Amino acid sequence: MDYFSEFPRRPRKRPRLAWDSFPKSQLGGYYEQDLGNVASYGSHPRLLPEHGNPFIKGLDQRGSPPWRDDDKDGHYMFAIGDNLTPRYKIGKKIGEGTFGQVLECWDRDTKEMVAIKVVRSIKKYREAAMIEIDVLQLLGKYDRTGSRCVQIRNWFDYRNHICIVFEMLGPSLFDFLRKNNYRPFPVDLVRELGRQLLECVAFLHDMSLIHTDLKPENILFVSSEHVRVPEYKVNSPAHREVVLYKRLPKSSSIKVIDFGSTAYGHRSHNYIVSTRHYRAPEVILGLGWSYPCDIWSVGCILVELCSGSALFQTHENLEHLAMMERVLGPIPQHMLKRVDRHAEKYVKRGRLDWPEGATSRESIKSVLKLPRIENLIMQHVDHSAGDLIDLVQNLLRYEPANRITAHQALRHPFFSRDRYRRY
Ligand SMILES: Nc1ncnc2c1ncn2[C@@H]1O[C@H](COP(=O)(O)OP(=O)(O)OP(=O)(O)O)[C@@H](O)[C@H]1O
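For the structure given in this document, a descriptive report is provided here. (Residues numbered from 1 in each chain as written. Predicted model: local features only at pLDDT ≥ 70, side-chain atom pairs only at ≥ 80, totals over all residues.)

1. What to know about the environment of Val119
Relative to the assigned elements, Val119 resides in strand β6 (residues 112–119). For the pair Val119 and Lys246, spaced 127 residues apart in sequence, the C-alpha separation works out to 35 Å. Once residues within four sequence positions are removed from consideration, Val119 is found in contact with Phe99, Gly100, Tyr125, Arg126, Ala129, His161 and Ile162. (Helix = DSSP H or I, 4+ residues; strand = E, 2+ residues; numbered from the N terminus. Contact = placed C-beta atoms within 7 Å.)

2. Structural notes on unusual backbone geometry
The step from Trp354 to Pro355 runs through a cis peptide bond, and the omega angle for that step is 5°. For Pro355, the location among the structural elements is in the loop between β16 (351–352) and α9 (361–368). Within the chain, Tyr182 stands out as a residue other than glycine whose phi angle is a positive 60°. Along the chain, Tyr182 falls in the loop between α3 (173–179) and α4 (187–206). For Tyr182, a count of 13 C-beta atoms within 10 Å translates into the label partly exposed. Residue Thr212 is not a glycine yet carries a positive backbone phi of 70°. Mapped onto the fold, Thr212 is located in the loop between β9 (209–210) and β10 (219–221). (Buried ≥ 20, exposed ≤ 12 C-beta atoms within 10 Å, placed from the backbone.)

3. Considerations on the site of the ligand
The local shell around the ligand holds 22 residues, among which Gly95, Gly97, Thr98, Phe99 and Ala115 are the closest. Split by residue class, the shell around the ligand holds eleven nonpolar, seven polar and four charged. Each of domain 1 (2–167) and domain 2 (173–416) contributes no fewer than three residues to the shell around the ligand. (Near = placed C-beta within 6 Å. Nonpolar A, V, L, I, M, F, W, Y, C, P; charged D, E, K, R; others polar. Domains from an automatic or database assignment.)

4. Quick look at the nonpolar core
Within the largest apolar cluster, 98 residues are counted, with the highest numbers of intra-cluster contacts made by Ile116, Cys163 and Ile164. When residues in this core are grouped by element, the largest group, ten residues, is from helix α6 (residues 292–307). Both domains that meet at this core, namely domain 1 (2–167) and domain 2 (173–416), each give it at least three residues. Not counting residues up to four positions away in its chain, the partners in contact with Ile164 are Ile116, Lys117, Ala129, Glu132, Ile133, Ile152 and Trp155. (Core = buried A, V, L, I, M, F, W, Y, C linked by C-beta atoms within 7 Å.)

See below:
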């Protein structure tokens, strides 16, 4: 992700907790707060000994590994089979992000696999992790059905690493697309995924929270189970029919993860958020952003799921804005007139400085090859394209105030026409 240059960027919800003001000599131990159910929310973390009484039966299996220094980026160094506190046994690494590593672990107490995010031992990431914990606990408290946001099970501070214990989920939508060689999802599945994603966003926005980093990597299938189905393709040089196999999930159930960049929606913000491809125009233009920036990301995600590749594949602001204009039409003049001093260079005489301001011919070509949104969706979707086009156009409205809300989107005909079968 390319947004950490502006970090720290979120208001702290409450003053620093006692956990990180303990003397360093105590950091070999750990503090643990088991959430079990969220009724324990708000209680203080407990200081537990790292090594227990050696006479307790079975403890040698539960002992801590020798001290190892972190790597140069502050990542925790571990070996498969190590204990992460006596309670959790490390199985394997399942993910890595800006904040740290995610490990699959066996929870000896609950006898289930869990995913533990072991955060880098760097102050700004530790602080961000505490905000993520606050948000996750808040979500757990109010998301009574526990349906669309990943559930936190526990958290603790181990050897100067904040560790967040999550329920174990399956692959991300991005992992799934990648394993399918970026072949798109069927539109009926896109509908189910889109509906659940919007339910999650509606819930977050009702709680005055903005996720700010919605992307296929942060949306996980609940289960890893899938089936392989044949897909017939005509091999044109030989005019022969070839059979390709495509994975489909057995269940379409998903949950959203990564609340480490969540912002509170009571006021407008203007620092840079979101992973590039899913970043809203008001963020790039420095106009201030709020809830609608999540809605823009949902629009980009839906297009990616039904086409197989990211809508705006770019790493540069002016090219990104030019791609938006190519796909969605011109950016309104009143928005271009209000850009902040960082974005002034992208605007000349009230319009985007494109193609004059392009950095290369390749850049101009990559913008030119993009189709209009209607054509892009029609190329990939066999039925209900009209409804999907209308929904996406409403999700991708330039003016944040005119952009559809998550609740309004859930009432859109793309989701409500009863002729559609459930995936
Ligand atoms: N509950 C979970 N179950 C299974 N896998 C998970 C779970 N949580 C995270 N992962 C895996 O770990 C990866 C990194 O997790 P996460 O996005 O929370 O970390 P991060 O450091 O905040 O990442 P980012 O750089 O996007 O901010 C995910 O993309 C996913 O593959």
